[in-house]
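# Structure assessment
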Amino acid sequence: MNPEVELYPIAILIDELRHDDVSLRLNAIKRLNTIALALGPQRARDELIPFLDESIDDEDEVLLTLAGELGDFVEYIGGPSFAHILLQPLENLAAVEETMVRDKAVESLNKICPLLNQSQLEQYYTPLLKRLSLGDWFTSRTSATGLYACGYSLASPATQDDMRKSFGQLCADDTPMVRRAAATHLGAFAKKVGKEHLITDIIPLFTKLSQDEQDSVRLLTVTDLVAIAEELSPEENKTYFLQPLKVMVADKSWRVRYMIADNFVKLSKAVGEDITRDDLVSAFVRLLKDNEAEVRTAAAGQVPGFAQLVDKETILNYILPCVKDMVTDTSQHVRAALAMQISGLAPILGKESTTEHLLPLFLQLLKDEFPDVRLNIISKLETVNNVIGIELLSQSLLPAIVELAEDKQWRVRLAIIDYIPLLATQLGVEFFDEKLGALCMSWLGDSVFSIREAATVNLRKLTEVFGVDWAKQTIIPKVLAMGTHPNYLYRMTTIFAITAMAPAVTPEVTRDYILPTVTNLVSDPIPNIRFNVAKSIEALIPVLSQNPDTKPLVDQQLKPALVKLSEDTDNDVRFFSQKALVAVQ
């Protein structure tokens, strides 16, 4: 083969990588695997990787893509036995200024590290780790913290000792950014070192970081505490972590307390049930009563999870009083978070306690002035229903639900509509017709389209629940009556409703009730109505075609209607009717 032809792919890449246009350089990087395949493993190692190593001075976007590509490049340079060749360019990328590039380089190095054998690790990876850890710029030291966990288990005992010492130095680095990175990766490293070194080396590092002067470092040690506690016995946890945990719960920085509150269930599971029962209940109560709304919000999200870890008596005596206070919290976000979670207490407390203690709180939250609170409590009512039954739920909460059905916030009305079929299933047809029937029809005339649309779907679901005969007597006459309403929006809703209901009713009902209304509206003066009629006909044709008795109606009534609409003066009407005609053929 002509050497010039052989060099052609690399020549293109070099040209594009040196091009002034960033998009061309970016495309070249994204095609690296193609270029490598064209060159073959030998030349990819000898020419491509050194060239890439020299191209580090580029736009961040290009470097980010390069850092990602190199992580999956081992197969293109000859497999794992040559994987160490990729370490050099990635080491350079791990030291650049842009955080996203460094993080991607660390991610790629963590992909390559497990493919190295011990000899490659000792000869190439460990020196790389040392260089990054001792780098003059904090950027390289920050990246180094994310590379210890992956290489540790493959290293020799002597190297492991050095790695633990080096990581300890990074935890005590002068630069807060490095200490933050060390705190971020301490948990992963802790899981690799084994229990003996965990107690002698890692826990002192954790203690030092958890007392750091920067709250941005201290807050990151919360997840470390979870990771380390999972590796220890309950007695060891009590010895090493009980005091730091108490200190963290009372930390002067709300961000640290927020992290504790947000991870409280994980922490409780990690340290074991004895510590949770004896010492963490009071800590949790403290977080639920914290003076910062963000902390209370995070703690509210942990209430059901923590309640599962303690006995019922503890919940009623310690947690429930805090929950009652939070129902009237000054922060709407705290109340919204509580509304999302409070129903989770019902299965834990059981029917009697739920009825006595939780129902009044649900009622209070359903009447909250902030719509998200009302929305959250509605969306979780099913959990409560499973515990106390629909009869009790409807007696106590139905008046509030009916009130919310007319809420000024349309999203709250929408949530109620979504809940109606479930209520209908459990209330029965008589109770439903008496209490909620008129409400369901009123939504069809709502000022918000999403409500009208949801109301039509709701009617179909109700038809599926109560049967076609019920729909024929109760719903369909009212829906069809709207088809002659002077306001075109009501006529439009009729089309949507009958189209939505058609699959749920019998073909006979479609023929006798729905079809006459659709054919009447073909001549409606409003174009929006006419093109929706075309869409409706398209949806009705498959329904009518399923039954031999109604199939002839497609040719007799629906196709002529579509032909008429396809000659309409309005472009949209013609478009949708022609589309429907194509579907019929």
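Residues numbered from 1 in each chain as written. Predicted model: local features only at pLDDT ≥ 70, side-chain atom pairs only at ≥ 80, totals over all residues. Heavy atoms only, no water.

Identification of the protein chain as ARM repeat-containing protein from Linnemannia gamsii is taken from an unreviewed UniProt entry. The UniProt entry for the protein chain carries this comment under Sequence similarities (unreviewed entry): "Belongs to the phosphatase 2A regulatory subunit A family." (UniProt positions renumbered as here; feature names shortened; annotations may be inferred.)

## Comments concerning the overall build of the protein chain
A tally of regular secondary structure across the protein chain gives 37 helices and zero strands. The C-alpha atoms of the protein chain give a radius of gyration of 34 Å, which is well past the 25 Å a tight globule of 585 residues would have. Projecting the C-alpha coordinates of the protein chain onto the three principal axes gives extents of approximately 85 × 80 × 35 Å. The proportion of buried residues among the 585 residues of the protein chain is 52%. Pairs at least 24 residues apart make up 67% of the contacts formed inside the protein chain by residues separated by at least 6 positions. Looking at the protein chain as shown, the accessible area adds up to about 26,400 Å², and 51% of this sits on carbon and sulfur atoms. (Helix = DSSP H or I, 4+ residues; strand = E, 2+ residues; numbered from the N terminus. Rg over C-alpha atoms; globule rule 2.2 N^0.38 Å. Buried < 20%, exposed > 50% of the residue type's maximum accessible area, 1.4 Å probe, protein only. Contact = heavy atoms within 4.5 Å. Areas by Shrake-Rupley, 256 points an atom, 1.4 Å probe, with all protein chains shown as cover.)

## Considering the environment of Met 482
Relative to the helices and strands, Met 482 is located in the loop between helix 32 (468-481) and helix 33 (488-501). Looking at Met 482, the relative accessible area reads 11%, which means it is buried. For the pair Met 482 and Thr 494, spaced 12 residues apart in sequence, the C-alpha separation works out to 6.1 Å. Sequence-distant contacts of Met 482, that is, excluding residues within four places in its chain, are made with Leu 444, Tyr 490, Arg 491, Thr 493 and Thr 494.

## Considering the nonpolar core
Ranked by internal contacts, the top residues of the largest apolar core, which has 193 residues, are Phe 73, Ile 342, Leu 345 and Trp 443. Apart from residues no more than four positions distant in its own chain, Leu 345 is found in contact with Val 303, Pro 304, Ala 307, Ile 315, Leu 320, Val 323 and Leu 358. (Core = buried A, V, L, I, M, F, W, Y, C linked by side-chain atoms within 4.5 Å.)

## Some words on the pattern of salt bridges
Using the criterion set out here, one finds 19 salt bridges in the structure. Arg 257 serves as the salt-bridge partner of Asp 290, at 2.6 Å between the closest nitrogen and oxygen. Pair noted here: Asp 290 is in the loop between helix 19 (273-288) and helix 20 (293-300) and Arg 257 is in helix 17 (residues 254-262), with a separation of 33 residues, a long-range link. Note on Arg 257: relative accessible area 9%, which makes it buried. (Salt bridge = Lys/Arg side-chain N within 4 Å of Asp/Glu carboxyl O.)

## Quick notes on helix 8 (residues 118-133)
When the local axis directions of helix 8 are compared, the greatest deviation, roughly 30 degrees, occurs at Tyr 125, which is followed within four positions by the proline Pro 127. Where the residues of helix 8 are buried, they touch helix 6 (87-93), helix 7 (99-112), helix 9 (138-145), helix 10 (148-152) and helix 11 (157-171). N-capping of helix 8 is provided by Asn 117, with a side-chain oxygen placed 3.2 Å from the backbone N of Ser 119. (Bend = angle between axes of the 7 residues up to and from the residue. Polar contact = N/O pair within 3.5 Å; in protein donor to acceptor, adjacent residues only side chain to side chain.)

## Side note on the UniProt feature "domain: Phosphatase 2A Regulatory Subunit A helical" (unreviewed entry) in the protein chain
In the numbering used here, UniProt assigns the feature "domain: Phosphatase 2A Regulatory Subunit A helical" (unreviewed entry) to residues 176-269 and 357-504. Secondary structure content for residues 176-269 is 80% helix and 0% strand, while the C-alpha to C-alpha distance between its ends is 30 Å.

## Brief notes about the side chain of Thr 517
Of note, Thr 517 is situated in helix 34 (residues 507-521). With a relative accessible area of 12%, Thr 517 lands in the buried category. Beyond its immediate stretch of four places on either side in the chain, Thr 517 contacts Leu 480, Thr 494 and Ile 498.

## A look at the packing of aromatic side chains
Under the defined criterion, the tally for this structure stands at 11 aromatic pairs. Ring centres of Phe 284 and Phe 306 lie 4.5 Å apart, and the angle between their planes is 40 degrees; this geometry places the pair in the tilted category. Here Phe 284 is found in helix 19, whereas its partner Phe 306 is found in helix 21 (residues 303-307), with 22 residues between them in sequence. In this structure an aromatic cluster arises from ring pairing among Tyr 148, Phe 167 and Phe 189. (Phe/Tyr/Trp six-rings, centres within 6.5 Å; stacked < 30°, edge-to-face > 60°.)

## A few points about the packing of helix 13 (residues 195-210) against helix 15 (residues 221-229)
If you want to describe how two helices pack, look at the angle between their axes and the distance between the axes. Where helix 13 contacts helix 15, the two axes come as close as 10 Å, and the packing angle between them is 160 degrees. Relative to helix 15, the element helix 13 lies roughly antiparallel. By crossing handedness, the relation of helix 13 to helix 15 is classed as left-handed. Of the residues in helix 15, those touching helix 13 at Leu 198, Ile 202, Ile 203, Phe 206, Leu 209 and Ser 210 are Thr 221, Asp 224, Leu 225 and Ile 228. Its residues placed into classes, the contact of helix 13 with helix 15 shows seven nonpolar, two polar and one charged. (Axes fitted to C-alpha atoms, helices over the stretch in contact; angles between N-to-C directions. Parallel < 35°, antiparallel > 145°, perpendicular 65-115°, else oblique. Left-handed = near helix turned anticlockwise from the far one by under 90°. Nonpolar A, V, L, I, M, F, W, Y, C, P; charged D, E, K, R; others polar.)

## Section: the environment of Glu 97
The residue Glu 97 is located in the loop between helix 6 and helix 7 in this model. Considered as a pair, Glu 97 and Thr 139 are 42 residues apart in the sequence and their alpha carbons are 6.4 Å apart. With near-sequence residues (within four places) excluded, Glu 97 lies in contact with Arg 102 and Thr 139.

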